[in-house]
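# Geometric and topological summary
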Amino acid sequence: MRRKAVQITLLEEAVFSERPNTEGGHTGLTYIPGSALLGAAAARLYSRQPREHAWLLFHSGKVRFGNALPLVDGERAYPVPFALHHAKEKPWQTAERRLSEYVLNLAAGGDARSELGSEQPKQLRSGFVTPSGTVLQFLLAYRMKTAIDAGTGRAAQGQLFGYQALPAGSCFLGELSADDDVPDELWQQVLAVFEGELLLGRSRSAEYGRAVARLTDPIARESGSADNGVVVLWLLSDLAACDPWGQPTVEPRPEWL
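The notes below deal with the structure included here. Nothing here was measured: the structure is a model prediction, and the numbers come from that model. Within every chain, residues take consecutive numbers counted from 1 along the sequence as written. Owing to the predicted nature of the model, reporting of local features is limited to residues with pLDDT of at least 70; listing and counting of side-chain atom pairs is limited to 80 or more, with chain, interface and lining totals taken over all residues. Where side-chain values are given, they derive from all heavy atoms of the structure, hydrogens and water being excluded.

The subject of this paragraph is helix α4 (residues 184–193). Think of an α-helix as 3.6 residues a turn; residues three or four steps apart then line up on the same face. Buried, partly exposed and exposed residues are distinguished by accessible area as a fraction of the type maximum, computed with a 1.4 Å probe on protein chains only: under 20%, between the cut-offs, and over 50%, respectively. Runs of E in the DSSP output that reach at least two residues are strands. Runs of H or I that reach at least four are helices, and both are numbered from the N terminus. Of the positions making up α4, those classed as buried are Leu186, Trp187, Val190, Leu191 and Val193. Buried positions in α4, seen along its axis, are confined to an arc of 150° and lie on one side of it. To be clear, the arc concerns the directions from the helix axis to the C-beta atoms.

Have a look at this one:
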């Protein structure tokens, strides 16, 4: 398998909504979803490819566009694991933006009640953390918008909505990968998309979404280990797991690993 990392710096605010609604409130994502990178590549390449090449690049699953997660002081930050808990009345981060001594990792076999005593445990459910323990919480910018009536050119009645946007200047790191049987010529075309300026996210034709991308070496993958025969999985993106009959399951099968 071939891998390449892409570093993205936002030149303008960018909007990545949880849902594709055109009206109402928009809850913004705090990372760049892989679907946005796939869309950027498809916008450049899809119409120029024979049907079989377009299928191979964008439908077969042989070329993958990972989420671009925040970069903090040169480190890639990952979604905070739900296994992290802290004493409710104690700070969970230090003044240096590090995880505090009051944070427990229950995936490591800890027991919050025995560790915290009478303190009530509270789960960390948002933000990002780097391998060295630096934490990041994004403050999304919020802008109110209204749809325009095509007939009058004025604001449409009752169509007020808002966007939450990632701030300009934010940096992210994603990963592109391809199976070995993808022709090198096609792989190089995909990589070429991510050298230079891009338009990403919603409202790209207006005031949002201008970014600059550059390719870099992928981050080395740390080798995992099993403690007492227990393997802990830290999901860096959503996982749509299904059993052999196609039904959703919350129990990943051993053969997947």
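It is worth spelling out the nonpolar core at this point. Inside soluble globular proteins, nonpolar side chains tend to come together where they are buried. Ranked by size, the top nonpolar core spans 42 residues in total, and within it Ile8, Ile32, Phe65, Phe194 and Leu200 carry the most contacts. Contacts are assigned to residue pairs with any non-hydrogen atoms lying within 4.5 Å of each other. Sequence-distant contacts of leucine 200, defined by excluding residues within four places in its chain, comprise Ile8, Ala14, Phe16, Ile32, Ala36, Leu37, Ala40, Gly209 and Ala211. By convention a nonpolar core is built from buried Ala, Val, Leu, Ile, Met, Phe, Trp, Tyr and Cys residues, the set being connected through side-chain atoms within 4.5 Å. Counting residues in hydrophobic clusters, the runner-up holds seven residues, among them Trp92, Val103, Val129 and Val135.

A side-chain nitrogen of Lys or Arg and a carboxyl oxygen of Asp or Glu constitute a salt bridge if their distance falls within 4 Å. Scanning the model with the defined rule gives nine salt bridges in all. Note that arginine 64 is salt-bridged to aspartate 179, the shortest N-O span being 2.8 Å. With arginine 64 in strand β2 (residues 63–65) and aspartate 179 in the loop between β13 (171–178) and α4, the pair connects residues that are 115 residues apart, well separated along the chain. Assessed through its relative accessible area of 28%, arginine 64 is described here as partly exposed. Note that arginine 210 is salt-bridged to glutamate 197, the shortest N-O span being 3.1 Å. Residue arginine 210 is located in strand β15 (residues 210–216), and its partner glutamate 197 is located in strand β14 (residues 196–199); the two are separated by 13 residues in the primary sequence. Taken together, the shared-partner salt bridges in this structure form one network comprising Glu12, Glu197 and Arg210.

To continue, consider the sheet that holds strand β5 (residues 78–79). Note: two strands are recorded as paired if DSSP finds a minimum of 2 bridges between them. Within the open sheet, the three strands sit side by side as β5-β9-β10. Their pairing is antiparallel. Of all the strands in the sheet, the pair left with one neighbour each is β5 and β10 (135–136). Examined bridge by bridge, strand β9 (residues 128–129) and β10 share two bridges and lie antiparallel to one another. The residue bridging phenylalanine 128 from the neighbouring strand is leucine 136, located in β10.

Here the term cavity refers to a set of points on a 1 Å grid, laid over the protein atoms alone, in which a 1.4 Å probe fits but cannot get out; the term pocket refers to an open set having protein on both sides within 12 Å along at least five of seven lines, with lining residues being those that place an atom within 4 Å of a point. Grid points are joined across faces, edges and corners, and a volume is the space filled by probe spheres set on the points. Volume-wise, the second largest pocket comes out at about 820 Å³. Taken together, 25 residues form the lining of the second largest pocket, with Tyr31, Pro79, Val80, Phe82 and Asp238 sitting closest to its centre. Residues were grouped as follows: Ala, Val, Leu, Ile, Met, Phe, Trp, Tyr, Cys and Pro as nonpolar; Asp, Glu, Lys and Arg as charged; and all remaining residues, including Gly, as polar. Within the lining of the second largest pocket, the residues separate by chemical class into 14 nonpolar, eight polar and three charged.

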